[in-house]
Amino acid sequence: MNEKNNTLLIYTLLYFGFLYVPVLFLPIFSFNDANYMSFPLAGFTTEHYEEMWSKRNLHKALWASIKVGVVASVISTTIALFAAKAFARYKFRGEKISYGGIMMPFLIPEIILAVAILIIWVNLGFKLGLVPVTIGHTLFCTPFAMLILIARIEGFDFSLEEASRDLGENAWGTFFRVSFPLYLPGIVAALLLSFIISFDEFILAFFLTGSDATLPMYMWGQMRFVQKLPHVLALGAVIIVFTTFIVLLAFWLRNVGQGKAKKDIAMKL
Amino acid sequence: MNNSFIQINNISKHFADVKAVDDVSFEIKEGEFFSLLGPSGCGKTTLLRLLAGFEYPTSGNLLIDGTDITALPPDKRPTNMVFQNYAIFPHLNVEKNIQFGLRKLGLSNDEIGKRVKEVLSLVKLEGYEERFSNQLSGGQRQRVALARALVRQPKVLLLDEPLGALDKKLRDEMQLELRTLQKNIGITFVFVTHDQQEAISMSDRVAVMNDGKIQQLSAPNELYKNPKNIFVSDFIGETNFLKAETKSSDGEFINVSIEKLGVFKIKNNLNIATNSSDVVCSVRPESMMISKVKSDWDICLDAKISQTSYLGEMTRFYVETKGIEQLITVSSQHFDNQSFENNKCFISISLEDISLLNKK
């Protein structure tokens, strides 16, 4: 190994260290038998996890996050699927404008999106709660879902759909028998990533939840009291493991059936 | 036999300001092997897609077996298509691919099983039912595509350059097989290709297309022997063009002055105008004779061989003649590149092998 490679190795290690060491403190302290996050470690305990498990409000917040996440990811993936199909398949008037329009929530600061929805929602006379959060999350997740689906659909051979029409299937039959099964890995990947984005989302929830806290809101609330910190650390550790699992699953699914050859080319590049 | 089984009436298809198909009318007979031949961008594939229902015409109408299908979607038409890339469903095995189009036909399970079996034996793919597309060779995929279309027993089978992706040997085999298959089952085939050899060897009739228009529609031998215009003459086989001018008419003959060669009486099949310089004479390489000694043919020229290419079954000579600018191509089965001393030879042409064509 020459000097240049050593430098790169050090750089790489520093990079990953910077990225993951802080995250690793969460699980470490979540098993530490103390109320404060400080070294030296006081001893091993699972008490914080037991405490976490016993919090009724946490259960409520978890359930709220799951509801919001499922509804937002299903709606945004559905919208994204139709949009991705249109962008990948057809040339049409206003294509760039519509694309930009859908990608917008991806680019504008979330806090502005949150404030805008808040103002409109309140002025329309509706109550804050999980419904506006779900709407906000749907808006926010759609561009992510669409990017994943466009990548999937762009490599798709559209003569397969023509073949289906030619063999006597109508447009719906073609969608369910040909397009949908072939898009499916992309659809599931989009659903999972949208769910995770919604599940982790804080700013929109902060402005729009009212009294129905989502999980990130619950954590935020608990952080104000020092003695409640440890069980939030336990919760954080669980969320990290769960999120990592879902994201890996989504990436794996995104590549399923995309062909080994393509992957080989990607490796070479 | 229905002579106007498929009727194409004044069909035009415009994409923005491009006239892909420009006011085309013709008929295809029942049970015919019909080819649409032309260079890429000539409109042949668009015409096929109009027949399949993937495109709708800008104007004109289409009839199959007396029924107007102009406005019908692809799934309501009595046609099936073999796609250029075969479009085998990758998530279904061979058997499911073939069954795909039978679901809507309201057949019993027994009937479906029977039909799939029959068509698999027709395309010689028995035993491949469980395979997926990525486990098949190019030739096998082509057979699956064919089987999947034929199992629906369409009135018309549309084929979009189906042999283009195969290597030469397999392509020759499939040409013969397709032709035999078509004669046996008697379904009307409309075959799109840019390969003139493929079109003339397989078809009952060929429509040569260019610029969205039919240039000539006739039997393959007619296309070759009596091309109607310079495009067809150039596109089908190889030919030599000689500069010419028409003079006075003489019944069914016309006096033509061919550059540097003199004035000759040539049959005027295409009613070409007299005293026109907008004409050209075409002579096929194999209709000329190359020889070591002078002949008594209508035209015999002193010539010098400048290039030869040996092709096995024949040899192609590129020769210089006095006064004619371009090299003339002559092919011969008797002589090869070793035959001539000092590259000196004679080129003979018979007047009946010269076709007179309009430049436009």
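Conventions we followed
Residues numbered from 1 in each chain as written. Chains lettered and ligands numbered in written order. Predicted model: local features only at pLDDT ≥ 70, side-chain atom pairs only at ≥ 80, totals over all residues. Helix = DSSP H or I, 4+ residues; strand = E, 2+ residues; numbered from the N terminus. Expected span 1.5 Å × (residues − 1). Bend = angle between axes of the 7 residues up to and from the residue. Buried ≥ 20, exposed ≤ 12 C-beta atoms within 10 Å, placed from the backbone. Contact = placed C-beta atoms within 7 Å. Nonpolar A, V, L, I, M, F, W, Y, C, P; charged D, E, K, R; others polar. Pairing = 2+ DSSP bridges. Axes fitted to C-alpha atoms, helices over the stretch in contact; angles between N-to-C directions. Core = buried A, V, L, I, M, F, W, Y, C linked by C-beta atoms within 7 Å. pLDDT = per-residue confidence, 0-100.

Engineer: How do you make sense of helix α6 (residues 130-154) of chain A when you look at a structure like this?
Structural biologist: In an α-helix there are 3.6 residues to a turn, and that puts residues three or four apart on one side. Residue and element names in this part refer to chain A. Over its 25 residues, α6 extends 35 Å from the first C-alpha to the last, a length consistent with the 36 Å expected when each residue adds 1.5 Å. At Cys-141, α6 shows its maximal kink, close to 35°; a proline, Pro-143, follows between one and four residues later. Extensive coverage of α6 is indicated by the burial of 19 of its 25 residues.

Engineer: How should I be thinking about the interface of chain A and chain B in this particular structure?
Structural biologist: As a measure of interface size, the accessible area lost when the parts come together is often cited. Counting residues at the interface gives 14 residues for chain A and 17 residues for chain B. Sorting the residues of the side of chain A that touches chain B by element identifies α7 (159-166) and α8 (171-200) of chain A as the ones contributing at least two each. If one sorts the elements of the side of chain A that touches chain B by residue count, α7(A) sits on top with 6 residues. Taken together, the residues that form the side of chain A that touches chain B break down as 6 nonpolar, 3 polar and 5 charged.

Engineer: Whenever I open this one, the sheet that holds strand β19 (residues 344-349) of chain B confuses me. Can you help?
Structural biologist: Strand-to-strand pairing in sheets goes through backbone hydrogen bonds, with the strands running parallel or antiparallel. Residue and element names in this part refer to chain B. Taken together, the 5 strands give an open sheet; going across it, the order is β15-β19-β16-β17-β18, and neighbouring strands pair in antiparallel fashion. In this open sheet, the two strands that pair with only one neighbour each are β15 (289-291) and β18 (324-332). For this sheet the average axis-to-axis angle between neighbouring strands, irrespective of direction, equals 40°. Pairing between β15 and β19: 3 bridges, direction antiparallel. Paired with Ser-291 across the bridge in β19 is Phe-346.

Engineer: Would you mind going over the sheet that holds strand β11 (residues 240-250) of chain B with me for this structure?
Structural biologist: Residues and elements named next belong to chain B. Overall, antiparallel pairing links the 5 strands, which are arranged β13-β12-β11-β14-β20 in an open sheet. Strands with a single pairing partner mark the edges of an open sheet, and in this sheet they are β13 (262-267) and β20 (355-358). Each adjacent strand pair in this sheet contributes to an overall mean axis angle of 45°, direction not counted. Direction of pairing for β11 relative to strand β12 (residues 253-258): antiparallel, over a ladder of 5 bridges. Each residue of the ladder has a partner; that of Ser-249, found in β12, is Ile-254.

Engineer: How should the nonpolar core be read in this particular structure?
Structural biologist: General note: in soluble globular proteins, nonpolar side chains tend to be found buried as a group. B:Ala145, B:Ala147, B:Leu158 and B:Val190 are the most contacted members of the largest nonpolar core, which has 70 residues in total. In terms of residue count, helix α4 (residues 138-150) of chain B provides more of this core than any other element does, 6 residues in total. If sequence neighbours within four positions are ignored, B:Val190 has contacts with B:Ile28, B:Phe34, B:Leu36, B:Leu48, B:Leu51, B:Val156 and B:Leu158. One finds A:Leu58, A:Ala83, A:Ile102 and A:Ala189 within the second-largest nonpolar core, a separate group that totals 49 residues.

Engineer: Help me understand the confidence of the model for chain A in this model?
Structural biologist: Do not read the fine detail of predicted coordinates wherever pLDDT is low. All names here are of chain A. When pLDDT is averaged along chain A, the result is 84; 92% of the residues meet or exceed 70. At the level of individual helices and strands, chain A shows its lowest average pLDDT in helix α12 (residues 260-268), which scores 40, and its highest in α7, which scores 94. Taken together, the stretch residues 259-269 has pLDDT below 50 and engages in 1 contact with residues farther than four places along the chain or on a different chain.

Engineer: Looking at this structure, how should I read the confidence of the model for chain B?
Structural biologist: Confidence along chain B averages 89 in pLDDT terms, with 100% of residues attaining 70 or more. The ipTM value of the predicted complex is 0.82, and its pTM value is 0.79.

Engineer: Quick question: what am I supposed to make of unusual backbone geometry here?
Structural biologist: Excluding glycine, residues mostly carry a negative phi; peptide bonds, for their part, are mostly trans. Residues and elements named next belong to chain B. Although it is not a glycine, Asp-23 adopts a positive phi angle of roughly 50°. When the 15 C-beta atoms within 10 Å are taken as the criterion, Asp-23 is described as partly exposed. The residue Tyr-86 is not glycine, and still its phi comes out positive at about 75°. By the secondary structure assignment, Tyr-86 is in the loop between β6 (79-82) and α2 (94-99).

Engineer: Even after reading the chapter, I still don't get the pairing of β11(B), so can you show me in this structure?
Structural biologist: On a regular strand, each side chain points to the face opposite its neighbour's, so the side chains alternate between the two faces of the sheet. All names here are of chain B. Where β11 meets strand β14 (residues 279-283), 5 bridges bridge the pair, whose relative direction is antiparallel. Of the residues in β14, the one forming a bridge with Phe-241 is Ser-282. A loop of 2 residues connects β11 with β12, the two strands running antiparallel in sequence, and Gly-251 in this loop sits at a positive phi of about 65°.

Engineer: Looking at this structure, how should I read the packing of helix α3 (residues 56-89) of chain A against helix α10 (residues 215-222) of chain A?
Structural biologist: In a packed pair of helices, the relevant descriptors are the angle between the two axes and the axis-to-axis distance. All names here are of chain A. It is the contact of α3 with α10, at a shortest axis distance of 7 Å, that shows an interaxial angle of 150°. Residues Asn-57, Leu-58, Ala-61, Leu-62 and Ser-65 of α3 pack against Leu-215, Met-217 and Tyr-218 of α10. Here the contact of α3 with α10 is built from residues that sort into 6 nonpolar, 2 polar and no charged.

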